[in-house]
Amino acid sequence: MASSVKPKLPKNYQLIYDIVQASGVGRHLTPSDIFTKAHKRRPGIGFSTVYRGLERLRELGLVSELYVPGADAATYEPSGPRHAHFRCSACGEIEDVAYAIPPRTLKTLALQHGFKIASERVTFEGRCAACAAS
Ligand SMILES: [Zn+2]
Ligand SMILES: [Zn+2]
């Protein structure tokens with residue numbers, strides 16, 4: 001569970017965390033987006049540092065990693081309440097969708113199949129509002 005006490009992070013990791021946090025809920029940054037922003041503020045930072053930082057922040061539960069089918073790279077967003085995603089197959093835009101599979105459904109599925117569900121990801125696909133209109 002997310003705790004309000006944030007461990008002290010190395011400076012570079014803190015910068016990466018700030019960048020993801022500043023992007024806000026509903027924005028999904030790729031590692032290269034994050035690298036570009038980090039590099040502007042700290043030109044000495046390397047791509048591998050950004051990767052390692054994201055890995056660490058994910059372990060700490062400070063950022064969420066998201067693999068959307070069809071997207072080229074994993075994207076990162078601030079940790080927050082569970083939600084689903086929508087990916088536009090025309091422009092590639094990823095949007096948050098305020099939806100989570102009801103816990104009851106997960107429980108039922110787990111019982112039916114005899115497995116334990118640790119996590120689930122829901123991704124919708126189609127055309128975003130702007131693409132659908134054009
Ligand atoms: Zn679109
Ligand atoms: Zn999201």
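Residues numbered from 1 in each chain as written. Chains lettered and ligands numbered in written order. Predicted model: local features only at pLDDT ≥ 70, side-chain atom pairs only at ≥ 80, totals over all residues.

1. Describing the overall build of the chain
Along the backbone of the chain there are five helices and five strands. Across the chain, helices and strands are ordered from the amino to the carboxyl terminus as α-α-α-β-β-β-β-α-β-α. Scored against the burial criterion, the 134 residues of the chain give a buried share of 16%. (Helix = DSSP H or I, 4+ residues; strand = E, 2+ residues; numbered from the N terminus. Buried ≥ 20, exposed ≤ 12 C-beta atoms within 10 Å, placed from the backbone.)

2. Side note on helix H4 (residues 103-113)
Burial runs low along H4: only zero of the 11 residues are buried. The first or second residue beyond H4 is Gly-114, which carries a positive phi of 75°.

3. Section: the environment of Val-25
Along the polypeptide, Val-25 turns up in the loop between helix H1 (11-23) and helix H2 (31-41). Separated by 30 residues in sequence, Val-25 and Glu-55 place their C-alpha atoms 19 Å apart. Excluding its chain neighbours within four sequence positions, the residues that come into contact with Val-25 are Pro-78, Gly-80 and Asp-96. (Contact = placed C-beta atoms within 7 Å.)

4. Thoughts on the packing of H1 against helix H3 (residues 47-59)
Between H1 and H3, whose axes approach to 9 Å, the crossing angle comes to 75°. When the axes of H1 and H3 are compared, the pair comes out roughly perpendicular. Of the residues in H3, those touching H1 at Asn-12, Tyr-13, Ile-16 and Tyr-17 are Thr-49, Val-50, Gly-53, Leu-54, Arg-56 and Leu-57. Its residues placed into classes, the contact of H1 with H3 shows six nonpolar, three polar and one charged. (Axes fitted to C-alpha atoms, helices over the stretch in contact; angles between N-to-C directions. Parallel < 35°, antiparallel > 145°, perpendicular 65-115°, else oblique. Nonpolar A, V, L, I, M, F, W, Y, C, P; charged D, E, K, R; others polar.)

5. Quick look at the pairing of strand E4 (residues 94-97)
As paired strands, strand E3 (residues 84-88) and E4 are joined by four bridges and run antiparallel to one another. Within E4, the position partnered with Arg-87 by the bridge is Ile-94. Count of turn residues in the E3/E4 antiparallel hairpin: five residues, of which Gly-92 carries a positive phi of about 85°. (Pairing = 2+ DSSP bridges.)

6. A closer look at the domain arrangement of the chain
Along its sequence, the chain is carved into domain 1 (11-78) and domain 2 (84-133). Taking only C-alpha atoms into account, the centre of domain 1 sits 22 Å from that of domain 2. Across the boundary between the two partners, domain 1 contributes nine residues, which contact eight residues of domain 2. Residues belonging to the side of domain 1 that touches domain 2 are distributed by class as follows: five nonpolar, four polar and no charged. (Domains from an automatic or database assignment.)

7. Considering the environment of Ala-84
Looking at the element boundaries, Ala-84 is found in strand E3. By the C-beta count within 10 Å, which is 16 here, Ala-84 ends up partly exposed. Separated by 32 residues in the primary sequence, Ala-84 and Arg-52 have C-alpha atoms spaced 26 Å apart. With residues up to four places along the chain from it excluded, the contact list for Ala-84 reads Val-97, Tyr-99, Ala-100, Val-122, Thr-123 and Phe-124.

8. A few points about the sheet that holds strand E5 (residues 123-126)
One open sheet holds the three strands; their spatial order is E4-E3-E5, and the pairing between them is mixed. The strands lining the two open edges of the sheet, one partner per strand, are E4 and E5. When the angles between neighbouring strand axes are averaged without regard to direction, this sheet yields 25°. Note: E3 against E5, four bridges, orientation parallel. Among the inter-strand pairings, Cys-88 is bridged to a residue of E5, identified as Gly-126.

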